[in-house]
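Here are the chains, one letter per residue:
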Amino acid sequence: MAWDFETEPAFQAELDWMTAFVREEVEPLEHVLGSPWNIHDPRFAAQVRPLQRQVRERRLWACHLGPELGGAGYGQVKLGLMNEILGRALFAPIVFGAHAPDSGNCEILAAYGTPFQKERFLAPLLANEVVSCFAMTEPQGGADPKVFTTQAVRDGDGWVISGQKWFASNARYADFFIVMAITDPEASTYRGMSMFVVPADTPGIRIIRNVGVADDPEATHAYLEFDGVRVGAQYMLGAPGEAFAIAQVRLGGGRVHHAMRVIGQAQKALDALCERALSRSTQGSLLSDKQMVQEKIADAWIQLEQFRLLVMRTAWRIDKYHDYQKVRKDIAAVKATMPKVLHDIASSALQVHGSIGVSTEMPFVGLIVRAYQMGLADGPTEVHKVTVARQLLREYEACADLFPAYHRPTAAAAAAEKFRAALV
């Protein structure tokens, strides 16, 4: 899909329907339900399942997946426009079958899963009959695979997994875990780990505690222990030593989808900022008449539009090349930019709302903490900035001369030589 700042009418009609549907039917859910991943809550069945049926009827379910998996197979540009809308509501991703970590887990199960794994795990996950958990990071070193210690040791016709995982999101509701573990301690970091699909009821799995974030309705990020967890050989996902490559498949697209949804969250904060400025008076005039408030509004809009263009250009490049490695710099730039965009706009909205802005009656503190979470999830901001710099520097060469070509006297001498005949 070419994107020239206009959207084809047929797809725009779907976006318009989504906007109204999310605003009127989905946004209110977060005020009456708990976690979106608690799919076995009777209230979920009563309130969310009918909305999911409407989405399926319009063929907007799991659009990031191909038709063979029940999705529309949309490219990243269309997904970007959709995810901006989904980012506005806590329950919108699961209503549309695009919720993390299940969306990424579906992708890697589809790409690397065996027929057994696809039938046992992928099929019910695609239907949202179950939810899943991606267990990679560890308490002693976060997302740095060089310090992972969780091991899977071969034992007869199976594997025994031992170790701890940290911030395993939605583990308390998951039907199964996708776990990264060391299988060859002698190999390099990037060839010595493998992935396993582990049913949640396997003996030896224990949630040490669940950790909450900001204004999450429930604590859902688990500190997990695997104590001699035995699985058969058929539960290895992909080949031995492929864990890092598999993880990168899900992380590349996931980082872009996070950014797309952050646009929706930041837009919601900007909407609140503008409405407040037009509604509240102090010192004899509306807040919207104060120049410092006007500056906040202008800065927020400019920052959001710049970020949106970066995200959409990155989406376009992914669709063009179908190779995440070619777009590695762009994805890293998007990932490094989004925390600051959300933080700054939410902070301005909070400030203009005054005391109520810092209270739990408004969403701004939660959005600010969410911005910090976005700066850590799927790799910290610092790592992505390093990636941008390294990728960019590969496009340049060092100057072997004492003075570079852009040195003014050097450039003047070169220009004089180039135009010598014409200047005589």
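Just so it is clear, the structure is predicted and the values come from calculations on it, not from any experiment.

Thresholds, definitions, all that
Residues numbered from 1 in each chain as written. Predicted model: local features only at pLDDT ≥ 70, side-chain atom pairs only at ≥ 80, totals over all residues. Heavy atoms only, no water. Buried < 20%, exposed > 50% of the residue type's maximum accessible area, 1.4 Å probe, protein only. Helix = DSSP H or I, 4+ residues; strand = E, 2+ residues; numbered from the N terminus. Pairing = 2+ DSSP bridges. Phe/Tyr/Trp six-rings, centres within 6.5 Å; stacked < 30°, edge-to-face > 60°. Lys NZ or Arg CZ within 6 Å of the ring centre and 35° of its normal. Axes fitted to C-alpha atoms, helices over the stretch in contact; angles between N-to-C directions. Left-handed = near helix turned anticlockwise from the far one by under 90°. Contact = heavy atoms within 4.5 Å. Nonpolar A, V, L, I, M, F, W, Y, C, P; charged D, E, K, R; others polar. Salt bridge = Lys/Arg side-chain N within 4 Å of Asp/Glu carboxyl O. Core = buried A, V, L, I, M, F, W, Y, C linked by side-chain atoms within 4.5 Å. Parallel < 35°, antiparallel > 145°, perpendicular 65-115°, else oblique.

1. Digging into helix α4 (residues 76-86)
Among the 11 residues of α4, 11 are classified as buried, and the element is accordingly described as predominantly covered. Taken as a whole, α4 has its buried residues at Gln76, Val77, Lys78, Leu79, Gly80, Leu81, Met82, Asn83, Glu84, Ile85 and Leu86.

2. Notes on the pairing of strand β3 (residues 158-169)
Of the strand pairs in this sheet, strand β2 (residues 151-155) and β3 are connected by five bridges, and their pairing is antiparallel. Bridge pairing in β3 links Val153 to Val160. A loop of two residues connects β2 with β3, the two strands running antiparallel in sequence, and Gly156 in this loop sits at a positive phi of about 65°.

3. Concerning the environment of Glu275
Mapped onto the fold, Glu275 is located in helix α8 (residues 243-279). Among the residues examined, Glu275 registers a relative accessible area of 57% and is labelled exposed. For the pair Glu275 and Tyr235, spaced 40 residues apart in sequence, the C-alpha to C-alpha distance is 53 Å.

4. A few points about the packing of aromatic side chains
Think of a pair of aromatic rings as described by two things: how far the centres are apart, and how the planes are tilted against each other in angle. Applying the stated criterion across every chain yields a total of 12 aromatic pairs. Where Phe11 meets Tyr74, the ring centres are 5.5 Å apart and the plane angle is 90°; that geometry is what we call edge-to-face. Placement of the pair is Phe11 in helix α1 (residues 9-26) and Tyr74 in the loop between α3 (49-57) and α4, with a sequence separation of 63 residues. Judged by relative accessible area, Phe11 falls into the buried class, the value being 3%. A residue is classified by how much of its surface remains accessible, and Tyr74, at 21% relative accessible area, is partly exposed. Each member of the aromatic cluster is reached from another via a ring pair, and the members are Phe116, Phe121, Phe176 and Tyr235. Against the face of Tyr321 rests Lys320, its NZ or CZ located 5.7 Å from the ring centre.

5. Quick look at the packing of helix α10 (residues 328-353) against helix α12 (residues 381-393)
Relative orientation of the contacting elements α10 and α12 amounts to 145°, with a least axis distance of 8 Å. Seen from above, α10 lies across α12 with left-handed handedness. From α10, Arg328, Lys329, Ala332, Ala333, Lys335, Ala336 and Pro339 reach across to α12, where they touch Thr381, His384, Lys385, Thr387, Val388, Gln391 and Leu392. Residues belonging to the contact of α10 with α12 are distributed by class as follows: six nonpolar, four polar and four charged.

6. Considerations on helix α11 (residues 364-374)
Counting buried positions along α11 yields eight of 11 residues, so the element is predominantly enclosed. Among all positions of α11, only Phe364, Gly366, Leu367, Ile368, Arg370, Ala371, Gln373 and Met374 are buried.

7. Quick word on the pattern of salt bridges
The final tally for this structure, using the stated rule, is 19 salt bridges. Notably, a salt bridge pairs Asp215 with Arg370, separated by 3.7 Å at the nearest N-O pair. With Asp215 in the loop between β6 (205-211) and β7 (221-232) and Arg370 in helix α11, this pair connects stretches of sequence that are 155 residues apart. Residue classification places Arg370 among the buried residues on the basis of a relative accessible area of 17%. One salt-bridge network, held together by shared partners, links Glu27, Arg88, Lys268 and Asp271.

8. Some thoughts on the nonpolar core
Buried together is how nonpolar side chains tend to be arranged in soluble globular proteins. Membership of the largest hydrophobic core comes to 113 residues, with the highest contact counts inside it found for Val26, Phe96, Leu109, Met195, Phe196, Leu224 and Phe307. When residues in this core are grouped by element, the largest group, 14 residues, is from α8. Setting aside anything within four residues of it in sequence, one finds Phe307 in contact with Ala259, Val262, Ile263, Val334, Thr337, Met338 and Val341.

9. Remarks on the packing of α10 against α11
Packing of α10 against α11 leaves a shortest axis separation of 8 Å and a crossing angle of 165°. Between α10 and α11, the angle is such that the two are roughly antiparallel. The two elements α10 and α11 cross, and the hand of that crossing is left-handed. Only Phe364, Val365, Leu367, Ile368, Arg370, Ala371, Tyr372 and Met374 of α11 make contact with α10, whose side of the interface consists of Lys335, Met338, Pro339, Leu342, His343, Ala346, Ser347, Ala349, Leu350 and His353. Tallied by class, residues from the contact of α10 with α11 come to 13 nonpolar, three polar and two charged.

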